[in-house]
Amino acid sequence: MAVSDHVDFPTFMEGVKKRNPGQPEFVQAVQEVATDIFDFMEDKEEYHSAQILRRIAEPDRVVSFRVCWEDDNHNIRVQRGWRVQNNNAIGPYKGGIRFHPSVTESVLKFLAFEQTFKNSLTGLPMGGGKGGANFNPRGKSDAEVMRFCQSFMTELYRHVGPDTDVPAGDIGVGAREIGYMFGQYKRITNRWEGVLTGKGMEYGGSQMRPEATGYGAVYFMENMLKHKKDSIDGKTAVISGSGNVATHAAEQITKQGGKVLTLSDSGGFIHDPDGIDQEKIDWIKDLKNNKRGRISEYADHYTAATFHAGKRPWNVPCDLALPCATQNELNEEEARELVDNGVMAVSEGANMPTTLEGVHVFHDAKIMYGPGKAANAGGVAVSGLEMSQNAERISWNHERLGEMLTELMEGIHDKCVEYGDQGDGYVDYVKGANIAGFKKVADAMLAYGVV
Ligand code: NDP
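The residue numbers shown here count from 1 along each chain, following its written sequence. Two thresholds apply to this predicted model, a pLDDT of at least 70 for residue-level local features and 80 or more for giving and counting side-chain atom pairs, whereas whole-chain, interface and lining totals are computed over all residues. With hydrogens and water excluded, all non-hydrogen atoms of the structure serve as input to the side-chain values.

A. Spatial organisation of the overall build of the protein chain. Put simply, DSSP marks the helices as runs of H or I at least four residues long and the strands as runs of E at least two long, and each gets a number from the N terminus on. Within the protein chain, the regular secondary structure consists of 17 helices and 12 strands. Based on C-alpha atoms, the radius of gyration is set beside the globule rule, defined as 2.2 Å times the residue count to the power 0.38. Expected size for 451 residues packed as a compact globule is a radius of gyration near 22 Å; at 21 Å, the protein chain falls within 12% of this value. Seen through its principal axes, the protein chain has C-alpha atoms that stretch 70 × 55 × 45 Å. A total of 451 residues make up the protein chain; the buried ones form 57% of that total. Partitioning the contacts of the protein chain with sequence separation of at least 6, the portion at a separation of at least 24 is 71%. Surface accessibility of the protein chain: about 18,200 Å² in total, with carbon and sulfur atoms responsible for 48%. Type-normalised accessible area, obtained with a 1.4 Å probe on protein chains alone, sets the label of each residue: buried when under 20%, exposed when over 50%, and partly exposed for intermediate values. Here a residue-residue contact requires only that any non-hydrogen atoms of the pair lie within 4.5 Å. What sets the accessible areas is the Shrake-Rupley method with a 1.4 Å probe; for residues, cover comes only from the shown protein chains.

B. Highlighting the environment of Leu225. The residue Leu225 is located in helix α8 (residues 209-227) in this model. When the C-alpha atoms of Leu225 and Trp192 are compared, they prove to be 43 Å apart, with 33 residues separating the residues in sequence. Beyond its immediate sequence surroundings of up to four residues, Leu225 is in contact with Asp230, Ser231, Ile232, Leu320, Met344 and Met368.

C. Representation of the UniProt feature "binding site: NAD(+)" (unreviewed entry) in the protein chain within the structure. UniProt positions are given in the numbering used here, feature names are shortened, and annotations may be inferred rather than shown by experiment. On the UniProt side, "binding site: NAD(+)" (unreviewed entry) is annotated at positions that read Thr213 and Asn244 here. The greatest C-alpha distance among the annotated residues, which extend across 32 residues, is 8.2 Å, indicating that they converge on a single site. Its place among the elements puts Thr213 in helix α8. For Thr213, the contacting residues outside a window of four places in its chain are Val245, Gly349, Asn376, Gly378 and Gly379. By secondary structure assignment, the location of Asn244 is in helix α9 (residues 244-255). Counted as a polar contact is a pair of N or O atoms within 3.5 Å, where, for protein atoms, one must be capable of donating a hydrogen and the other of accepting one, and residues adjacent in sequence contribute only when both atoms are in side chains. At 3.1 Å, the side chain of Asn244 and the backbone oxygen of Pro210 are in polar contact.

D. Up close: the pairing of strand β8 (residues 268-271). Examined bridge by bridge, strand β7 (residues 259-265) and β8 share four bridges and lie antiparallel to one another. Residue pairing in the sheet places Thr262 in a bridge with His271 of β8. Here β7 folds back onto β8 in antiparallel fashion, the turn holding two residues. Here a strand pair is declared whenever DSSP counts at least two bridges between the two strands. Pairing between β8 and strand β9 (residues 306-309): four bridges, direction antiparallel. Bridged to Ile270 within β9 is Phe307.

E. Molecular detail of the sheet that holds β9. One open sheet holds the seven strands; their spatial order is β9-β8-β7-β6-β10-β11-β12, and the pairing between them is mixed. The two strands at the open ends of the sheet, each matched to only one other strand, are β9 and β12 (368-370). Taken over all neighbouring pairs, the strand axes of this sheet differ in orientation by 15 degrees on average, direction set aside. What counts as an axis is a line fitted to C-alpha atoms, over the stretch in contact for a helix, and the angles between N-to-C directions run from 0 to 180 degrees.

F. Quick peek at the pattern of salt bridges. Take a side-chain nitrogen of Lys or Arg and a carboxyl oxygen of Asp or Glu: if they are within 4 Å of each other, that pair is a salt bridge. Inspection of the entire model under this criterion finds 26 salt bridges. Asp71 is the partner of Arg77 in a salt bridge, and the nearest nitrogen-oxygen pair spans 2.9 Å. By relative accessible area, Arg77 is classed as partly exposed at 32%. Residue Asp71 is classed as buried on the basis of its relative accessible area of 4%. Ionic pairing is found between Arg336 and Glu332, a salt bridge with its closest N-O pair at 3.2 Å. Of this pair, Arg336 and Glu332 both sit in helix α12 (residues 332-340), four residues apart, which is roughly one turn of the helix. A residue is classified by how much of its surface remains accessible, and Arg336, at 40% relative accessible area, is partly exposed. A network of salt bridges, in which partner residues are shared, links Arg19, Arg54 and Glu58.

G. Geometry of the nonpolar core. Residues grouped as a nonpolar core are buried Ala, Val, Leu, Ile, Met, Phe, Trp, Tyr and Cys residues, joined through side-chain atoms within 4.5 Å. Counting 57 residues, the largest nonpolar core has Phe220, Ile239 and Leu322 as the members making the most contacts within it. No other element matches the nine residues that α8 contributes to this core. Among all residues touching Ile239, those that are not within four sequence positions of it are Ala246, Ala249, Ala250, Val260, Thr262, Leu263, Ser264, Pro313, Leu322 and Cys324. Counting 38 residues, the second largest nonpolar core, distinct from the first, contains Met41, Phe110, Ala444 and Met445.

H. A look at unusual backbone geometry. Unusually for a residue other than glycine, Gln51 sits at a positive phi of about 55 degrees. Relative to the elements of secondary structure, Gln51 occurs in the loop between α3 (45-49) and α4 (52-56). According to the relative accessible area criterion, Gln51 is partly exposed, its value standing at 39%. One non-glycine residue, Lys366, lies in positive phi territory at about 55 degrees. Topologically, Lys366 is positioned in the loop between α13 (356-364) and β12.

I. Fine view of the packing of aromatic side chains. Pairing of aromatic rings covers Phe, Tyr and the six-membered ring of Trp, with a centre-to-centre limit of 6.5 Å; geometry is then stacked below 30 degrees between planes, edge-to-face above 60, and tilted otherwise. Applying the stated criterion across every chain yields a total of 23 aromatic pairs. Seen in terms of ring centroids, Phe40 and Phe438 are 6.3 Å apart; in terms of plane orientation they differ by 85 degrees. Their pairing is edge-to-face. In this pair, Phe40 is assigned in helix α2 (residues 24-41) and Phe438 in helix α17 (residues 429-448), connecting sequence segments 398 residues apart. Considered together, Phe40 and Phe438 belong to a single accessibility category, that of buried residues. Of the aromatic side chains, those joined through ring pairs into one cluster are Phe65, Trp69, Phe99, Phe135, Phe148 and Phe152. The criterion is that NZ of a Lys, or CZ of an Arg, lies within 6 Å of the ring centre and within 35 degrees of the ring normal, and then a charge sits over that ring. One Lys or Arg, Lys109, reaches over the ring of Phe26 and ends 4.5 Å from the middle of that ring.

Here is the structure:
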């Protein structure tokens with residue numbers, strides 16, 4: 001047997017950068033995880049000699065394909081689609097599909113890498129994947145979105161399946177897009193099977209799935225506060241985004257007695273000092289889901305609110321912050337502003353919304369900081385439960401799934417504490433999530449030998 005040649009952290013990262021040129025988001029995600037894993041692996045020769053981290057940081061495969069479709073004016077449009085299958089050591093690949101002009105291979109590789117750890121943390125048997133296209137559904141007619149989704153699935157269907165890879169929604173992919181893709185899969189294969197999650201309730205969807213990510217991020221926040229013998233009741237919250245995750249996070253904060261001050265989209269943010277209560281959240285859901293409107297319209301309708309064009313909400317003083325829009329939407333300066341204004345806790349509904357420098361600011365200030373891979377795992381956890389229900393041809397009710405989600409988020413929180421407790425009363429939730437997520441995947445990979 002060869003004598004193991006331990007690569008140190010800087011050399012490992014040099015290799016990752018060299019092998020992935022022009023992919024900054026992927027390199028950033030690997031760096032964030034590898035920092036903690038190198039500490040954890042220090043005295044664990046078996047992980048080093050089997051090159052486990054190097055293998056997790058190299059996707060099993062990246063499929064890239066052309067997506068052709070015809071717009072309403074009969075122009076032929078060409079987009080690029082991808083599916084990144086990062087790791088299936090503990091279950092079929094699982095992770096969302098994103099349709100947004102900002103989608104690149106680097107973004108999807110980072111998301112599939114993160115998803116591997118997140119899915120492991122849920123305790124359910126799911127590997128990590130992610131897919132998408134640089135297609136912008138905004139401004140497209142329903143018929144155009146349908147034609148795009150059908151064309152996308154006409155290639156994707158070869159690479160997915162209920163025991164192979166089970167995609168879900170993400171940015172730009174909601175119930176409408178999932179419906180079109182599921183319909184096309186069924187048409188091509190002549191099989192009704194649980195190949196996608198986030199489906200409509202009429203055809204195999206799970207209760208609680210729409211709410212799961214946003215509610216879960218708030219449950220994670222609740223657990224962090226409970227660990228410090230505190231609660232959400234009476235606290236102010238700043239939330240970014242106004243899509244699925246943000247609106248459900250706002251709903252759950254409100255249910256627990258908190259006051260939501262902001263929401264946003266890529267055009268800017270609205271600040272409502274009176275609080276965005278349930279009636280206002282319902283109005284926003286209708287605006288976004290049915291009318292496909294912009295968040296700026298809120299300030300025209302609710303005149304106590306102000307709209308801040310081209311800005312992000314992090315300078316609004318608050319007790320709690322929940323970034324729920326997209327990656328790298330909260331930088332070092334903004335993290336400092338939040339801390340200076342007295343923020344107590346941050347729970348990430350989005351994936352990697354805080355830059356590495358921003359995370360350091362939160363850690364240095366010793367505020368409670370729940371990273372996306374732990375805090376937003378409620379969505380994929382309920383997707384895992386949707387897979388189980390489809391496989392068994394049963395459906396659980398809203399109440400039962402609500403209880404399961406609450407328990408799953410508590411379990412994820414506790415695993416983070418187990419591996420992230422610093423011994424001085426501070427919990428490094430990033431470290432806890434990285435190590436707990438890594439260990440299960442790594443041990444399964446060791447069991448398989450060199451594959
Ligand atoms: P939606 O498409 O429903 O909403 C996304 C929101 O974020 C919109 O308000 C959108 O505004 C805003 N946004 C997107 N890109 C940008 C940008 N570059 N700058 C500013 N704002 C932006 O997506 P979701 O709510 O489903 O997803 C939000 C985040 O949560 C993503 O990071 C996703 O990966 C993560 N997530 C989602 C899960 C789910 O179950 N849906 C599960 C786990 C994580 P606009 O319309 O102007 O683009």
